[in-house]
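Here are the chains, one letter per residue:
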Amino acid sequence: MEHDNIGIVGTGIYIPDGRMTAAEIAEKTGGIWAEEAIINKLGIIEKTIPNKEDGPQDMGMKAARHALERTGVNPLEIDLILCMGEEWKEYPLTTSGIYIQEKIGAKNAWSIDVQQRCCTTVAAMKMAKDMMIADDTINMVLVVGGYRNSDLVDYGDRSMSMMYNLSAGGGAIIMKKGHNANVLLGTHIMTDGSLARDVGVEIGGTTHPITLENIDDAFKLRIFDEKHMKNRLNEVSMKNWITCMDKAFEKSGMVKEELGYLAVLHFKYSMHKYLLDLLGLTDEQSIYLNHYGHMGQVDQILSLHLALEEGKVKEGTVVAMIAAGIGYAWAANVIRWGKAKKH
């Protein structure tokens, strides 16, 4: 029934003013990477970096305010906030969603933080839909968060070049039950626990607490098992992504050939182009975020937001958000933009 439709009311973003250029990244690598290779191979012309006041919680709050302003939604109408922001934030162990709830005046909502690395937005959107269907008291959900894992990149670590693109920003998406437009259809998510401990922050947790001896290496992202991660990802990553897309379209009662726009995270350009070719899409049916870098789970919201501004997504466009996150997780969803079809 149409009253069961879960639609997207609107989006909001927050982009910091700071920028790091390809030349500056090259300099930080100490000559390991040349500027030209960072632009052409890693696909980074420049990326966003935070200012001192750009904490992940506050960037999420600013994105939420932007979404509220653009949609005209009263924050008192929000029943639930699912915060997809990162664990690296202003104060460890503080609750980001509850903080954002207070700052935007969503006094009737309750909030919870969810986390699946760069898949969190797609996962949170599925959770929002499922919770609205299951609970009569939840009619509007704000999915929101901020990201600045760019702080954790060690540019001198050759094995971490896949994460030189990490940047900063905030995103928000408002979803509503019975909103018969921009309907979220099927979602499919896969995880592979064999990769759960291949990447992370090595020093700063309970296993390797910070000491005077290791403080210079604290809170830096590291690949713990580079050989295993590369071999395993080469074996399963693209296959899992395509499976997620196939299953998401199947759950939506559609075929993948109907796809009109791909909201995809930032990664090296050759992989971006390969994926578009594999799906039969043109460059105009996606946005390569080479002026933004990789804002983690904000990328999908940013891509959709930019596509709407540029007219790449319009009435009737079938959108797929796809993501992959360390751990490892893969996810895809399907959204039909515009007025919902009659049942």
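Residues numbered from 1 in each chain as written. Predicted model: local features only at pLDDT ≥ 70, side-chain atom pairs only at ≥ 80, totals over all residues. Heavy atoms only, no water.

Undergrad: Explanation requested: the side chain of Asp-198 in the structure shown.
TA: Considering the arrangement of structural elements, one finds Asp-198 in the loop between β8 (181–191) and β9 (199–201). Among buried Asp, Glu, Lys and Arg side chains, Asp-198 stands out as unpaired, with Arg-232 the closest opposite charge at 8.0 Å. Within the structure, the side chain of Asp-198 is placed 2.6 Å from the side chain of His-228, a separation counted as a polar contact. Within polar-contact distance, the side chain of Asp-198 engages the backbone nitrogen of Met-229 at 3.5 Å. (Helix = DSSP H or I, 4+ residues; strand = E, 2+ residues; numbered from the N terminus. Buried < 20%, exposed > 50% of the residue type's maximum accessible area, 1.4 Å probe, protein only. Lys, Arg positive; Asp, Glu negative; His and termini not counted. Salt bridge = Lys/Arg side-chain N within 4 Å of Asp/Glu carboxyl O. Polar contact = N/O pair within 3.5 Å; in protein donor to acceptor, adjacent residues only side chain to side chain.)

Undergrad: Any chance you could explain the packing of aromatic side chains here in plain terms?
TA: The geometry of an aromatic ring pair comes down to the distance between the two centres and the angle between the two planes. Tallying each qualifying case throughout the model produces six aromatic pairs. Geometrically, the ring pair formed by Trp-33 and Tyr-164 is edge-to-face, given 6.4 Å between the ring centres and 80 degrees between the ring planes. With Trp-33 in the loop between α1 (22–28) and α2 (35–40) and Tyr-164 in the loop between β6 (140–147) and β7 (169–177), this pair connects stretches of sequence that are 131 residues apart. Tyr-164 gets classed as buried once you look at its relative accessible area, which sits at 0%. Ring geometry for Trp-88 and Phe-219: centres 5.6 Å apart, planes at 40 degrees, overall tilted. Of this pair, Trp-88 sits in the loop between β4 (80–83) and α4 (96–104) while Phe-219 sits in the loop between β9 and β10 (221–223), and the two are 131 residues apart along the sequence. According to the relative accessible area criterion, Phe-219 is partly exposed, its value standing at 36%. The structure contains a cluster of three or more aromatic residues connected by ring pairs, namely Trp-33, Tyr-155 and Tyr-164. (Phe/Tyr/Trp six-rings, centres within 6.5 Å; stacked < 30°, edge-to-face > 60°.)

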